[in-house]
Amino acid sequence: HVEIVEGCRLPVLRKNQENEDEWPLAEILSVRDAPGRKLYYVHYVDFNKRLDEWVTPDRLDIKKLQFPKKEAKTPTKNGLPGSRPSSPDRDVRKSLDLNVQSASAPSRGKTLPTPKRKAESVSLASQVSAAMSVPSLPSSAEASQASVYPAVREAFSTKSREDEQLTSITTNGTTRRILPSQPGRKRKNCGTDEMIKVFQYNSPRNASGCLPPGEDSQDSSDGIPSAPRMTGSLVSDRSHDDIVTRMKNIDCIELGRHRLKPWYFSPYPQELTSLPILYLCEFCLKFLKSLKCLQRHLTKCNLRHPPGNEIYRKGTISYFEIDGRKNKTYSQNLCLLAKCFLDHKTLYYDTDPFLFYVMTEYDSKGFHIVGYFSKEKESTEDYNVACILTLPPYQRRGYGKLLIEFSYELSKVEGKTGTPEKPLSDLGLLSYRSYWSQTILEILMDLKSDNGERPQITINEISEITSVKKEDVISTLQYLNLINYYKGQYILTLSEDIVEGHERAMQKRHLRIDPKCLHFTPKDWSKRGKW
């Protein structure tokens, strides 16, 4: 009889989206003795951590068991206590799960100059040239996006100065690929103020299907992620990633009429983690250990909406602005709930530097939380979102895009361009990509031509109209493969496919922010008295 220990890897039976059996490779993170049998906590290698689960021995394929590699003299990674010894391939993979609607700065990147960011649907592999296939998407939340995102991205660094270069798109046989501009190629740089002609024409449909887009403007320009900032940023430093925080600790959360199954660890008090259900007051988000406690709390809690000011209302949708200093308990409770669905966040108990914008849906019982985003009061790097989350019962219904749209409406009122804190999670990246694409295409398709000439626009103009940061505009144009260099100038070509796809997407987008319903005055947080 072979003993299966932590760190072992072996295939484990699970159901995929089509409810078919599959045997992906998994790593054993923990072993627990249950009455009559052992249970194993597994992480499916190369799948998102939200799919980790406790499994029974009959789901393990013992014949293909791999034992953990023997360590060198130092058992801890980077000499940090609490981090775990390497299991097989861990050093090769160093997979930084880009996780949900959030951001992380990989502090371990020091050992690998180009860490690969693994996400189920978006494989952001830097400096990979061979085409890879997109891995099957494990969770239903991403089903529809699988085919949209090609698997390989070529490295492309966006300079944040005024003279950004738009990397040329060359035609190479049938497959077009964005190449880093090479020395020796004569091509003038495209400044962000340079006019770009927009062509709408019926192009031959692309033989190559998906084109590898440019690298997202996610990293610092040399491809090595910068260390996490110590200011307001919520980016988590993975060096303290010990076995405890790698495992889900809450089984189920009851929030109003919803029961939520957490995806990740959240630092709720230890004594609550053994409960079958954790009860939350859906208005003040206080956590309680039993239904009886919740009922008693509800007789005393007179909140029927988040604390703070209601700054937007249209139909049943409202937004509340909550100051992390004035409403500390609510903000901390919101962070604890959010951490169940966001992987790469540190939970600062210091919520003072943040504002929280909570989106609610109204009915006769009150204003029910749908999602939220947080934002630094003062961001040195033009971040207009720190964390962003739509709660699972409301996902895939357009609310995520509504949160993103709202964050840019606030930036417009502030007269700034903004960008979400990088790197984004897998689901966060999907939502932002889609929002940026739709927003930019909306502008390009509305452009009117002067005196029979092709309409023209600059990157800076797109950025000013939308409040989307220039780097994100450029990465989106490249991602959509719209930008070409022709006869000495850059042109954007909108093919029939792109136009039709955009129109279909916009028909589905029923929820929109109406700027007339926003009542918001930005504060100057640099005057410390305002805090």
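What counts as what
Residues numbered from 1 in each chain as written. Predicted model: local features only at pLDDT ≥ 70, side-chain atom pairs only at ≥ 80, totals over all residues. Heavy atoms only, no water. UniProt positions renumbered as here; feature names shortened; annotations may be inferred. Pairing = 2+ DSSP bridges. Helix = DSSP H or I, 4+ residues; strand = E, 2+ residues; numbered from the N terminus. Axes fitted to C-alpha atoms, helices over the stretch in contact; angles between N-to-C directions. Contact = heavy atoms within 4.5 Å. pLDDT = per-residue confidence, 0-100. Salt bridge = Lys/Arg side-chain N within 4 Å of Asp/Glu carboxyl O. Buried < 20%, exposed > 50% of the residue type's maximum accessible area, 1.4 Å probe, protein only. Core = buried A, V, L, I, M, F, W, Y, C linked by side-chain atoms within 4.5 Å. Phe/Tyr/Trp six-rings, centres within 6.5 Å; stacked < 30°, edge-to-face > 60°. Parallel < 35°, antiparallel > 145°, perpendicular 65-115°, else oblique. Left-handed = near helix turned anticlockwise from the far one by under 90°. Nonpolar A, V, L, I, M, F, W, Y, C, P; charged D, E, K, R; others polar. Expected span 1.5 Å × (residues − 1). Patch = residues over 30% accessible without salt bridge, like charges linked within 9 Å, V, L, I, M, F, W, Y side chains within 5 Å. Areas by Shrake-Rupley, 256 points an atom, 1.4 Å probe, with all protein chains shown as cover. Disulfide = S-S within 2.5 Å.

- The name an unreviewed UniProt entry assigns to the protein is Histone acetyltransferase KAT5, from the organism Pygocentrus nattereri.
- Annotation of the protein in UniProt includes, under Sequence similarities (unreviewed entry), the sentence "Belongs to the MYST (SAS/MOZ) family."
- UniProt lists a comment for the protein under the heading Subcellular location (unreviewed entry), and it reads "Nucleus".

**Some remarks on the sheet that holds strand S18 (residues 354-363)**
Reasoning step 1: What the five strands build is an open sheet, ordered S16-S17-S18-S19-S21; its pairing is antiparallel. Looking at which strands have only one partner, the edges of the open sheet turn out to be strand S16 (309-314) and strand S21 (388-390). The mean angle between the axes of side-by-side strands here comes to 20°, regardless of whether they run parallel or antiparallel.
Reasoning step 2: The sheet contact formed by strand S17 (residues 317-323) and S18 spans seven bridges and is antiparallel. The residue bridging tyrosine 319 from the neighbouring strand is methionine 359, located in S18.
Reasoning step 3: The strands touched by helix H3 (residues 328-339) are S17, S18, strand S19 (366-376) and S21; relative to S18, the strand with the most contacts, the crossing angle is about 75°.

**Quick look at the confidence of the model for the protein**
Reasoning step 1: Mean pLDDT over the protein stands at 76; residues scoring 70 or higher make up 68%.
Reasoning step 2: Contacts for the low-pLDDT stretch residues 74-188, under 50 throughout, to residues beyond four places or in other chains number 319 contacts.
Reasoning step 3: In the predicted structure, residues 202-230 sits below a pLDDT of 50 and forms 76 contacts with residues beyond four places in sequence or in another chain.

**Overview of the pairing of strand S4 (residues 25-34)**
Reasoning step 1: The pairing of strand S1 (residues 9-11) with S4 spans three bridges and is classified as antiparallel. Considered in S4, the bridge of leucine 10 is made with alanine 26.
Reasoning step 2: Inspection of the sheet shows S4 paired to strand S5 (residues 37-44) by eight bridges, in the antiparallel sense. The residue bridging alanine 34 from the neighbouring strand is arginine 37, located in S5.
Reasoning step 3: Linking S4 back to S5 in an antiparallel pair, the connection comprises two residues, with glycine 36 at a positive phi of about 85°.

**Thoughts on the pattern of salt bridges**
Close approach of charged atoms allows side chains of opposite charge to pair.
Reasoning step 1: In this structure the tally under the stated criterion is 21 salt bridges.
Reasoning step 2: Across the pair lysine 375 and glutamate 414 runs a salt bridge, and its minimum N-O distance is 3.0 Å. Here the residue lysine 375 occupies a position in strand S19, and glutamate 414 occupies one in helix H4 (residues 399-414), the gap between them amounting to 39 residues.
Reasoning step 3: Overall, the relative accessible area of 23% leaves glutamate 414 in the partly exposed class.
Reasoning step 4: What emerges from the salt-bridge pattern is a single network uniting Glu405, Glu442, Arg509 and Arg512.

**Some remarks on the sheet that holds strand S15 (residues 287-288)**
Reasoning step 1: Spatial strand order, S13-S12-S14-S15: four strands in an open sheet with mixed pairing. Two strands bound the open sheet, and with one partner strand each, they are strand S13 (258-260) and S15.
Reasoning step 2: Relative to S15, strand S14 (residues 278-280) runs antiparallel, the two sharing two bridges. Residue leucine 280 lies in a different strand from S15, and its bridge partner there is phenylalanine 287.

**Section: the nonpolar core**
Reasoning step 1: In terms of nonpolar packing, the biggest core is built from 87 residues, with Tyr319, Leu337, Phe406 and Leu444 touching the most fellow members.
Reasoning step 2: Here phenylalanine 406 is in contact with Ile311, Tyr312, Tyr319, Tyr357, Phe373, Ile513 and Leu518, once residues within four sequence places are set aside.

**A short note on the packing of aromatic side chains**
What describes a pair of aromatic rings is the distance from one ring centre to the other and the angle between the planes of the rings.
Reasoning step 1: One pass over the structure, following the stated rule, counts 19 aromatic pairs.
Reasoning step 2: A ring pair is formed by tyrosine 268 and phenylalanine 287, whose centres lie 5.2 Å apart and whose planes are at 85°; its orientation type is edge-to-face. Of this pair, tyrosine 268 sits in the loop between S13 and S14 while phenylalanine 287 is found in strand S15, placing the two residues 19 residues apart along the sequence.
Reasoning step 3: With a relative accessible area of 4%, tyrosine 268 lands in the buried category.
Reasoning step 4: Judged by relative accessible area, which is 25%, phenylalanine 287 ranks as partly exposed.
Reasoning step 5: Taking 5.8 Å as the distance between ring centres and 80° as the angle between the ring planes, the aromatic pair formed by tyrosine 394 and tyrosine 399 counts as edge-to-face.
Reasoning step 6: Looking at tyrosine 394, the relative accessible area reads 3%, which means it is buried.
Reasoning step 7: A connected cluster of aromatic rings, assembled from ring pairs, spans Tyr312, Tyr319, Tyr357, Phe373 and Phe406.

**As for the packing of H4 against helix H5 (residues 426-446)**
Reasoning step 1: Viewed as axis vectors pointing N to C, H4 and H5 meet at an angle of 60°, and their least axial separation amounts to 10 Å. For the element pair H4 / H5, the angle class is oblique. You can see that H4 and H5 cross each other, and the crossing is right-handed. Mapping the contact onto sequence places Lys401, Ile404, Glu405, Ser407 and Tyr408 in H4 and Ser431, Tyr432, Ser434, Tyr435, Trp436 and Gln438 in H5.
Reasoning step 2: Looking at the contact of H4 with H5 residue by residue, the class counts come to five nonpolar, four polar and two charged.

**Section: H3**
Reasoning step 1: Counted at 1.5 Å a residue, the expected span for H3 with its twelve residues is 16 Å, and the 16 Å between its end C-alpha atoms agrees.
Reasoning step 2: With nine of twelve residues buried, H3 lies mostly within the body of the structure.
Reasoning step 3: Among the residues making up H3, those that are buried are Tyr330, Ser331, Asn333, Leu334, Cys335, Leu336, Leu337, Ala338 and Lys339.

**Overview of a nonpolar patch on the surface**
Reasoning step 1: A grouping of Val2, Val5, Ile62 and Phe67 is seen on the molecular surface, where their side chains present a nonpolar patch of about 300 Å² in accessible area.
Reasoning step 2: Within the secondary structure, valine 2 sits in the segment before S1.

**Points about the pairing of S5**
Reasoning step 1: When you tally the buried positions in S5, you get six out of eight residues, the bulk of the element.
Reasoning step 2: Note: S5 against strand S6 (residues 53-55), three bridges, orientation antiparallel. Pairing of valine 42 across the sheet is with glutamate 53, part of S6.

**Observations concerning the UniProt feature "active site" (unreviewed entry) in the protein**
Reasoning step 1: Following the UniProt record, the feature "active site" (unreviewed entry) maps to Glu421 here.
Reasoning step 2: Residue position: glutamate 421 is located in the loop between strand S22 (419-420) and H5.
Reasoning step 3: Given the relative accessible area of 2%, glutamate 421 is considered buried.

**Focus on the state of the cysteines**
Reasoning step 1: Counted by the stated rule, this structure contains zero disulfides.
Reasoning step 2: Cysteine 281 provides the cysteine sulfur closest to cysteine 301, a residue in no disulfide bond, and the two sulfurs are 3.9 Å apart.
Reasoning step 3: In this structure cysteine 301 comes out as buried when scored by relative accessible area, which is 10%.

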